[in-house]
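Residues per chain are reported as follows:
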Amino acid sequence: MNLFDRETYRDVRKPLDQAAGLPPRCYTDPSFYQREVETIFHRGWIMVGREDRVAAPGSWCTIRFANVSLVLTRDATGKLHALANACRHRGSPIAQGEGQSRNLVCPYHAWSYSLDGKLLAAPAMADSVGFSTDDYPLHAARIDTWAGFMFVCVSEDVPPLASWLGDLPARLEMYGFGQMRTARRVTYDLDCNWKVWVENFMEGYHIPTVHRSTISRQKAINIPEDPGRGEYTAIYERHEGTRALLHGDPGFPPIETLSGDSSLGSRFILVYPAAMLAIANDTMWCFEAHPQGPERTHLVLTSCFPAQRFERPDFQALADNYFKRQDIVVREDNDISELQQRGLQSWHVTPGRFCIKEKIVHALDNWVIDRVLGEQHDSARYGSEVASV
Ligand code: FES
Ligand SMILES: [Fe+2]
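Residues numbered from 1 in each chain as written. Chains lettered and ligands numbered in written order. Predicted model: local features only at pLDDT ≥ 70, side-chain atom pairs only at ≥ 80, totals over all residues.

*Asks:* Before we move on, can you summarise the pairing of strand β15 (residues 275-279) with the specific residues and values?
*Replies:* The buried fraction of β15 amounts to 5 of the 5 residues, a majority that puts the element mostly inside the structure. By the alternation rule, side chains of β15 split into Ala275, Leu277 and Ile279 and Met276 and Ala278, which are all buried. Examined bridge by bridge, strand β14 (residues 265-271) and β15 share 5 bridges and lie antiparallel to one another. In the strand pairing of β15, Ile269 is matched with Leu277. (Buried ≥ 20, exposed ≤ 12 C-beta atoms within 10 Å, placed from the backbone. Helix = DSSP H or I, 4+ residues; strand = E, 2+ residues; numbered from the N terminus. Pairing = 2+ DSSP bridges.)

Next up, the structure:
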């Protein structure tokens, strides 16, 4: 089978009710993964968490996905930078984890850099003919923000973040994400392809089985919405109250700025390729699936609440109820994703047919193929198909 021949994907391209899934090798094959790295993760805006992770001037954190290793810094003037985490001397990472400092000093031979990437000093280089620190700043990627989310892009010729997001910021404005703060950040290292986890998150077909004893009792009506314009796809489910808590647990009141549909339901947004927002009427929690190899994914879960909730004396007790629900459900999703990956490795596994509850899985798979094959893409095409189901 040729993974780069469009004929291979004939059944994936069909409408959802006739379509089959991706060939299993798309979740295991190093050459397919490498093509995804080049055509997707190096050619788009990748969400890398919330801005308050580097809130104060001088703070920095590191991030790694798809062969991209970055230090995100906030310099003394408050400006964000996405610097390549590779020393200009012999390539050592200059930072690990996260921290706060005036400079970044390479742990190998102590070249030191400012938080905007300039090389400040390079010890004992006076005899290296023609060497100037001006010629060796850290390489940099593009960084931009929307409502407190940070996005990076390693390509110079991808249009700005605003074009990538399209009308999504306007559609979600009433939630006030820009006024939310991070209450908790949790990471997981998973033995599965990045698409396995994203696909799981964006379909409800598995809820009665995988989440049988946790969230399967929460009933909702799926309401098709205008697919919108931008590199994202969205699900809206109408129901009473919040789905961010386990049954019976107390939580926070609804976000004050919500009205109409938004106050009566949940939204699940996939910002392509691998950022997922779960939005209830009282909270927002989001996931970043960062590929580390064909069968390895670093998953980040960030939980946010409106800033004023943090001032409540019962904040931690109530927030813990949301975390309890997330911890249980995410573990169930992680376990089934790693299990599915093991199945995808078997020699005899073949693509199956979709249930119509897997419309976003189908949309993502087609979006990926568009990129990997370099075909004309039009995400709205899948979006409108989604809305018609
Ligand atoms: S590799 Fe960084 S100073 Fe040598
Ligand atoms: Fe799930």
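Don't stop here, the text continues.
*Asks:* Give a detailed account of unusual backbone geometry, specifying residues and quantitative values.
*Replies:* Look at the link from Tyr272 to Pro273: it is a cis peptide, with omega at 0 degrees. Mapped onto the secondary structure, Pro273 falls in the loop between β14 and β15. Phi at Ala66 takes a positive value of approximately 45 degrees, unusual for a residue other than glycine. Mapping Ala66 onto the fold places it in the loop between β2 (59-65) and β3 (68-74).

*Asks:* How would you summarise the domain arrangement of the protein if you had to cite specific residues and measurements?
*Replies:* Taken domain by domain, the protein consists of domain 1 (6-42 + 161-388) and domain 2 (46-153). For domain 1 versus domain 2, the separation of C-alpha centres amounts to 30 Å. On the domain 2 side, the residues contacting the 19 residues of domain 1 number 17 residues. Of all elements in the fold, only α1 (30-41), α2 (161-165), β11 (180-190), β16 (284-293) and β17 (296-306) reach the threshold of two or more residues within the side of domain 1 that touches domain 2. A per-class count over the side of domain 1 that touches domain 2 returns 12 nonpolar, 5 polar and 2 charged. (Domains from an automatic or database assignment. Contact = placed C-beta atoms within 7 Å. Nonpolar A, V, L, I, M, F, W, Y, C, P; charged D, E, K, R; others polar.)

*Asks:* Quick rundown of the nonpolar core? Include the residues and the values.
*Replies:* Counting 99 residues, the largest nonpolar core has Leu72, Phe151, Val152, Val198, Leu270 and Met284 as the members making the most contacts within it. Examining the composition of this core, we find that 6 residues originate from one element, helix α7 (residues 359-373), more than from any other. When residues of this core are assigned to domains, at least three fall in each of domain 1 (6-42 + 161-388) and domain 2 (46-153). For Phe151, the residues in contact, after removing those within four places along its chain, are Trp45, Ile46, Met47, Val48, Asp144 and Leu161. (Core = buried A, V, L, I, M, F, W, Y, C linked by C-beta atoms within 7 Å.)

*Asks:* An account of the environment of Ser259 is needed here, citing residue identities and associated values.
*Replies:* Mapped onto the elements, Ser259 comes out in the loop between β13 (232-238) and β14. The exposure class of Ser259 is exposed, given the 10 C-beta atoms found within 10 Å. Expressed as a C-alpha distance, the spacing of Ser259 and Tyr175, which sit 84 residues apart in the sequence, is 9.8 Å.

*Asks:* Give me the lowdown on the pairing of β16, citing residues and values where you can.
*Replies:* Counting buried positions along β16 gives 8 out of 10 residues, so the element sits mostly inside the fold. Bridge count between β15 and β16: 5 bridges; the pairing is antiparallel. The residue of β16 that forms the bridge with Ala278 is Trp285. Counting the residues between successive antiparallel strands, the hairpin from β15 to β16 contains 4 residues. Across 9 bridges, β16 lies against β17 in antiparallel orientation. Its bridge partner being in β17, Ala289 is matched across the sheet by Leu299. A loop of 2 residues connects β16 with β17, the two strands running antiparallel in sequence.

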